[in-house]
Amino acid sequence: MREWSVPMRLPEVARPVVVGGLAAAAAAGLLWALSSLEGKWTGALLIGLFLPWAAVITRDIERFLLVLFAFLLPINANVHLGAYPAAGVLGFSLSICDLTLLGLYGTWVGRLLTGRPHDPRIRVAPSISLPFGLFVVWSGLASLLQARDLNLAIYAWIPFLKTCLAMFYLVNNIRHERQLVGMALALCAGMLLESAIAFAQYALGTTFGLQVFGETGKGMLYHEIGISPLARVGGTLGHPNGLALYLGMVLPIGLVLMLAGRRLRVTLFATLAFLAGLGALVVTFSRGGWIGFILTVPVVVWLGMCQRVGWVSALRAVAGFMLAMALVVLPVFGAVSQRLFESDQGRGLSRIPQLQVAWNMIQSNPIFGVGLSHYTLRMKEYDNTLERISLRVSNPVHNTYLFTAAETGFPGLALLLWVVAALLRVGWRGFKRCEGFASLLCLGIVGGLAGTLIHDLVEFQRFGANYVFALPMGILGASLFWKADPAIGPRPWPGAPSAVLQRTGGRDVRPTRGVVEGATGMPVGLH
């Protein structure tokens, strides 16, 4: 019997319907699977489904993981073990960024074992790693000697160790300008997503139950300002001030990507992300975040434009930038004015007695402090204020420097200031020494750090105990080696153009896969 077949060609009109139906069925199945899981496993399932496809599409899993790491910085998809609710400590956390970093180390070790390293040398960037390493060691030692609950201190110390691991990887593996551009784009994409969540929270006046991604009950706060409540949003960072700290660090990086003069679609995307991030910063209503941004970002604009158009035209660019800022603020000008000039029911004044409590704690423990995560546990012992502020306010002092000195003593504060000075020095040197986008990225990081340091005068955090600081620290550490890279030094690695010329007796046989010197003074891979 003769075989036969019937062609099954769908009409042009029916194809979108069929494809859409299949996509809807797949989405419904995925949602059903997610609804049957505990929230803490949802992120793990999404990553497990997404990573194999990403590896196939990008054909470079390490590059993809690096970009994913930068994108996921504001997403607090954590699993917490050993919580201390009374101290406000969630215990040891395993986050989606931790898993991504583990994957990056796995690919790096795999390259080393298979003999395919970009550069076999191990780099440590002592200009940054030495002061930060000493700060981490001292924080752990002070907590070991002073902490009344050692487990509580260890939970607070582990994030410092994670930062060290992330910085070590970045210093040793950032070799290409495309990595810098990819991370900057990923940071902008993460900021854009976070801004969209913040706008939705502000418009609807509520959170969305995204606890698996870091949203908490404090992600939406209402403060009595004047005669009406004022809504403040925190996105997935858990608190409006936390969102403001994140945006203050990332906004200057989006700005320099916008100023870099790259392809039009990159510039437009960076501009969109920057304007969205600026709007999200406004609706956090964080006065410290506003002040840090206003004092630093116009300077970044001026310095970045001076490289291209001269200082007079740069001043015009700053004026245009300030006008754009005013236009972004205009839709919520009434709320901004309310936040700045109307009574906040004594919240600002309550920080003054908190300063006294912190100073009493420092005077009683000037060398080792009280130990990490022990400020709120012990602040009642040092509260001799008339208001007995520690009975009404459960937060630590709103000043990162006093907070650090209270937990780790004056030596800890001195080491923190050394870390800050080292980062600013290395970033400024990178801005002056490098070229192209590498120079602008160093400038953006310096601007973000400067704005954060200003914000820290009225906000508390454990400086360096999160990946938001690990990424800039790692990039600055890597910048120390860009000019001394062997691809452009006296001993080029195999595959560099000068090495090929030596091996071929002077014949110009260029590699199709190798490393060439880019316009930024750092190697640019041809993969």
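Residues numbered from 1 in each chain as written. Predicted model: local features only at pLDDT ≥ 70, side-chain atom pairs only at ≥ 80, totals over all residues. Heavy atoms only, no water.

A. Expanded view of the overall build of the protein. Across its full length, the protein carries 19 helices and six strands. The buried share among the 527 residues of the protein stands at 49%. Of the contacts formed within the protein by residues at least 6 apart in sequence, a portion of 71% connects residues at least 24 apart. (Helix = DSSP H or I, 4+ residues; strand = E, 2+ residues; numbered from the N terminus. Buried < 20%, exposed > 50% of the residue type's maximum accessible area, 1.4 Å probe, protein only. Contact = heavy atoms within 4.5 Å.)

B. Inspection of the packing of helix α3 (residues 61–71) against helix α4 (residues 96–113) at higher detail. Interhelical geometry of α3 versus α4 gives an angle of 155° and a closest axis separation of 9 Å. Taken together, the axis directions place α3 and α4 in an arrangement best described as roughly antiparallel. For the pair α3 and α4, the sense of crossing is left-handed. Residues Ile61, Glu62, Leu65, Leu66, Leu68 and Phe69 of α3 form the contact with α4, whose own contacting residues are Cys97, Thr100, Leu101, Gly103, Leu104, Thr107, Trp108 and Arg111. Of the residues that constitute the contact of α3 with α4, the class distribution is nine nonpolar, three polar and two charged. (Axes fitted to C-alpha atoms, helices over the stretch in contact; angles between N-to-C directions. Parallel < 35°, antiparallel > 145°, perpendicular 65-115°, else oblique. Left-handed = near helix turned anticlockwise from the far one by under 90°. Nonpolar A, V, L, I, M, F, W, Y, C, P; charged D, E, K, R; others polar.)

C. Broad picture of helix α11 (residues 311–329). Given a rise of 1.5 Å per residue, 19 residues ought to cover 27 Å, and the 27 Å separating the end C-alpha atoms of α11 matches this to within 8%. Buried within α11 are the following residues: Ala314, Val318, Phe321 and Met325. Seen along its axis, α11 keeps its buried residues to an arc of 60°; they face one direction. Exposed residues pointing more than 90 degrees away from the buried face of α11 are listed as Arg316, Leu323 and Leu327. (Expected span 1.5 Å × (residues − 1). Arc of directions from axis to C-beta.)

D. Geometry of a nonpolar patch on the surface. Taken together, Leu141, Leu144, Leu145, Leu150 and Ile154 make up a surface patch of nonpolar side chains, about 430 Å² in accessible area. Breaking the nonpolar patch down by element, the ones donating at least two residues are α5 (126–146) and α6 (150–173). Ranked by the residues each element gives to the nonpolar patch, the list is headed by α5, at three residues. In this structure, isoleucine 154 sits in helix α6. Overall, the relative accessible area of 36% leaves isoleucine 154 in the partly exposed class. (Patch = residues over 30% accessible without salt bridge, like charges linked within 9 Å, V, L, I, M, F, W, Y side chains within 5 Å. Areas by Shrake-Rupley, 256 points an atom, 1.4 Å probe, with all protein chains shown as cover. Salt bridge = Lys/Arg side-chain N within 4 Å of Asp/Glu carboxyl O.)

E. Here's a closer look at the side chain of serine 143. One can find serine 143 in helix α5. Look at serine 143 and you get buried, because its relative accessible area is 3%. Residues in contact with serine 143, not counting those within four places in the same chain, are Leu150, Ala153, Gly371 and Leu372.

F. Highlighting unusual backbone geometry. Although it is not a glycine, alanine 125 sits at a positive phi angle of roughly 50°. Within the secondary structure, alanine 125 is located in the loop between α4 and α5. Owing to a relative accessible area of 2%, alanine 125 belongs among the buried residues under this scheme. Even without being a glycine, serine 373 presents a positive backbone phi close to 65°. Its place among the elements puts serine 373 in the loop between α13 (351–364) and α14 (375–378). Under the relative-accessibility criterion, serine 373 is labelled buried at 7%.

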